[in-house]
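Structural overview
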Amino acid sequence: MARRKSRSNARAVRKPMQKLETIFSCPFCQHENSVGCSFDKVLSIGEISCSICRAGFETRITPLTEPIDMYYEWIDECQRVNSKPFRIPCVPLKKSNENQKARLTFFQFQILMEEEPGHSRSSSEESTTPFLSLNDGLIPQLFTSVPSLNEAASYLSQSTSLFTNCFSDYSVEYPSSGDPVTHEQELTTLIERARRTVRGSADDIGWLQHASGMPSVEDGTGRFMEILDNIRHGLHKLPNSMVYLLVPGLFSNHGPLYFVSIKTSFSKMGLVCHIAKIHSEASVEKNARELKEYIEEIYWGSQKRVMLLGHSKGGVDAAAALSLYWSDLKDKVAGLALTQSPYGGSPIASDILREGQLGDYVNIRRLMEIIICKVIKGDMQALEDLTYERRKEFLTKHQLPSELPVVSFHTEAGITPAVLATLSHVAHAELPLMAPLSAGQSPILPVVIPLGAAMAACAQLLQIRYGEKSDGLVTCRDAEVPGSTVVRPKRKMDHAWMVYSSLNGGDPSDGDASQMCEALLTLLVEVGQRKRHEFAMKDE
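Residues numbered from 1 in each chain as written. Predicted model: local features only at pLDDT ≥ 70, side-chain atom pairs only at ≥ 80, totals over all residues. Heavy atoms only, no water.

1. Examining the pattern of salt bridges
Considering all chains together, one arrives at 18 salt bridges under this definition. Between arginine 199 and aspartate 203 there is a salt bridge; the shortest N-O distance is 2.5 Å. In this structure, glutamate 218 and arginine 530 form a salt bridge, with 3.5 Å as the shortest nitrogen-oxygen distance. One end of the pair, glutamate 218, is in strand 6 (residues 218–219); the other, arginine 530, is in helix 18 (residues 513–539), with 312 residues separating them in the sequence. In this structure glutamate 218 comes out as partly exposed when scored by relative accessible area, which is 43%. Residues joined by salt bridges that share partners form a network here, namely Arg60, Glu293 and Glu297. (Salt bridge = Lys/Arg side-chain N within 4 Å of Asp/Glu carboxyl O. Helix = DSSP H or I, 4+ residues; strand = E, 2+ residues; numbered from the N terminus. Buried < 20%, exposed > 50% of the residue type's maximum accessible area, 1.4 Å probe, protein only.)

2. A look at empty space enclosed by the protein
In the structure shown here, the tally under the stated rule is two cavities of 30 Å³ or more. As for the second largest cavity, its lining consists of Arg223, Ile227, Asn230, Ile231, Leu235, His236, Lys237, Thr522 and Glu526. Elements with a minimum of two residues in the lining of the second largest cavity: helix 7 (221–232) and helix 18. It is helix 7 that provides the largest number of residues to the lining of the second largest cavity, a total of four residues. (1 Å grid on protein atoms, 1.4 Å probe; cavity = no way out; pocket = protein on both sides within 12 Å on 5 of 7 lines; lining within 4 Å. Points joined across faces, edges and corners; volume = space filled by probe spheres on them.)

3. Considerations on the sheet that holds strand 3 (residues 56–60)
The sheet built from three strands is open, its strands ordered 1-2-3 with antiparallel pairing. At either end of the open sheet lies a strand with only one pairing partner, and these are strand 1 (35–40) and strand 3. Neighbour to neighbour, the strand axes of the sheet diverge by 15 degrees on average, direction disregarded. When strand 2 (residues 45–50) meets strand 3, the two strands line up antiparallel, connected through five bridges. Along strand 3, the bridge assignment pairs glycine 46 with threonine 59. (Pairing = 2+ DSSP bridges. Axes fitted to C-alpha atoms, helices over the stretch in contact; angles between N-to-C directions.)

Dropping the structure here:
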């Protein structure tokens, strides 16, 4: 008889391994196969973004991280931020309509599932009208690259009721005593509030220039113009031995094109450039800690020193990081450039938040809290940290180290009629209704807003009220950092010009924002070389 084959000799059949997805659908614009991932294994940073609406997310990675891990981490973060969406009654939606359901984002689909059969509701919640958030996709989302605009719409009804409560409850604090307040006391309080309102920030603007113990500044405008002229003629001297970190300012999270043109220009020159992924509406000290960790990660991953360029509040955040953590960062940072930063404080923030003004009768502070905290989802302390009172308190305790090369840059906004017609390119918009007319993709159009007109109006207000030159938000005197090399260009540029390109482009012979930033950093490199030489001579 033939010998029976042993089962142990049978070869084990291996099951084919399932391949993990690497391309995903966007949770904001709902386009399929539009989200891709990129890994920077040197810096241990992963970035995921949508090629259609430019929405993105950045996080730390490990050698075992896969694209699907980053995607679901992005979804979890979006779900966390939108964990408690505000709901209002809307047009009834048929639950069997799969086309409409497919247009919802991941977390909006969860809201819809609460109304599905099998998810029973209590008798007190029964209604013939389902509840959806305003950004559930029933109306085409025009601003797909600005998710905050879609989120802000869901807070419209809530904000309206809160605004009404603010104006209806305008109680003002009076001197606390057992006696009733007389008309004379009311009149005295009103006069004092009017005086504080009219005086405003007149005594605080430029306080750094006459404060005791502050080092003097050096004018570097002439050298800056020479470097800028060389750059326009194709002579670039910015070294590639450093990593350039761009720190955005307040409300930059709601402008997807913030610093994008500058980063693109630097990358074309072969320079390593990053935009700091921080929550711009957070407090200065919180962002300072995040920037400190960001700088250390870049240095450990590339073994290159970091050169920072901060715009607006981003310059204040970067300066705070170097002031608070200089002992940890002195070997990792090559210099700091502040462009249009309210280093001494901002009259706009101070006038809005100052107590004891006529604005207390309508609770103007409460209105700003609603706009920043409810609509923009920021921190009120971010604006408070830019007031003169907070800046004086911080700079008294924490000053920039003397050995740090610093360049400060400020401009003056134009107020001519031509400026009112200038439109700033801040985002991309998609027109879904025109999708059938295109070859499988919806057309992408620029989103422009008249930032130039708004900055010109604010600059004229500050000029009339205080007699101060400004870029629309920051006065020239408050932007000069003590001990720094100051650049004072004669060209008229508002506060948004450095980070958002204009639709009309302007005169190409004057240089664009990327060339301005390149010239500033080149000047900063020269200032750093000169400082190191001076300290070496002192040591000898």
